[in-house]
Amino acid sequence: MTSIVVDASVIVKWLFPHGGNEANTDKALRLFTEIEAERHAVRQPPHWLAEAAAVAVRIDPSTAREKIAAFFDLQFATLASVEVYSAACALSSELGHHLFDTLYHAVALADDCVLVTADERYYQKAKRFGAIVLLADFDTSQ
């Protein structure tokens, strides 16, 4: 079983799989199916559900409550510690990137996981720190 962290760029593909021209949506949905089948253990920063809710209500307020309730039921393990927040602050400062994004990466680094992201801009900045893979490159057959 692989331990992963999934950031908002992937979660939005789960929330709105038929919404627009999102690249790698099929791969994101395969990953979600594997998570439901318990092939991957998911760890998340504490803000993941609030971020998903913010996206859901912005894109489609009429379905936001239902979608977030379903995500809440997933009960992904969260990791919050001084070390995680300190690492996220360091990443944010060094990369010039938003703290909420670096929190996902900090959880992966702290908990021997890999961050799965569809955010190519963040990936290019942060790949040198390890524990990160693009959704397009993630092997969903693990």
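Right, let's walk through the structure included here. For clarity, every value in this text was computed on a predicted model and none was experimentally measured.

Points about the side chain of Thr25
Then, in step 1: Along the chain, the position of Thr25 falls in helix H2 (residues 25-36).
Then, in step 2: Overall, the relative accessible area of 9% leaves Thr25 in the buried class.

Here we look at helix H4 (residues 61-74)
Then, in step 1: The end-to-end C-alpha separation of H4 is 21 Å, in line with the 20 Å expected for 14 residues at 1.5 Å each.
Then, in step 2: Residues of H4 that are buried: Ala64, Ile68 and Phe71. Angularly, the buried residues of H4 cover 60° about the axis, an arc narrow enough to put them on a single face. For H4, exposure combined with an orientation more than 90 degrees from the buried face picks out Ser62, Arg65, Glu66 and Asp73.
Then, in step 3: Check the buried side of H4 and you find it contacts helix H1 (8-15) and helix H3 (48-59).
Then, in step 4: Looking one or two residues beyond H4, the residue adopting positive phi is Gln75, at roughly 50°.

Thoughts on the environment of Ile132
Then, in step 1: By secondary structure assignment, the location of Ile132 is in strand S5 (residues 132-134).
Then, in step 2: Each C-alpha atom of the pair Ile132 and Leu115 lies 4.5 Å from the other, and the pair is 17 residues apart in sequence.
Then, in step 3: Setting aside residues no more than four positions away along its own chain, Ile132 makes contact with His105, Val114, Leu115, Thr117, Tyr122, Tyr123, Ala126 and Lys127.

Structural notes on the packing of aromatic side chains
Then, in step 1: Inspection of every chain in the model, using the stated rule, returns five aromatic pairs.
Then, in step 2: With 4.8 Å between their ring centres and 55° between their planes, Trp14 and Phe32 make a pair best called tilted. One end of the pair, Trp14, is in helix H1; the other, Phe32, is in helix H2, with 18 residues separating them in the sequence. Taken as a pair, Trp14 and Phe32 share a single burial class, namely buried.
Then, in step 3: Three or more aromatic residues link up through ring pairs in this structure, and these residues are Trp14, Phe32, Trp48, Phe71 and Phe76.

Some thoughts on the sheet that holds strand S2 (residues 40-44)
By way of backbone hydrogen bonds, the strands of a sheet pair with one another, either parallel or antiparallel.
Then, in step 1: Across the sheet, which stays open at both edges, the five strands sit in the order S3-S2-S1-S4-S5 with parallel pairing between neighbours. Bordering the open sheet on either side are strand S3 (77-78) and S5, each of which pairs with just one other strand.
Then, in step 2: Pairing of S2 with S3, which is carried by two bridges, proceeds in the parallel orientation. Bridge pairing links Arg43 to Ala77 in S3.

Rules behind the numbers
Residues numbered from 1 in each chain as written. Predicted model: local features only at pLDDT ≥ 70, side-chain atom pairs only at ≥ 80, totals over all residues. Heavy atoms only, no water. Helix = DSSP H or I, 4+ residues; strand = E, 2+ residues; numbered from the N terminus. Buried < 20%, exposed > 50% of the residue type's maximum accessible area, 1.4 Å probe, protein only. Expected span 1.5 Å × (residues − 1). Arc of directions from axis to C-beta. Contact = heavy atoms within 4.5 Å. Phe/Tyr/Trp six-rings, centres within 6.5 Å; stacked < 30°, edge-to-face > 60°. Pairing = 2+ DSSP bridges.

Geometry only, nothing functional implied.
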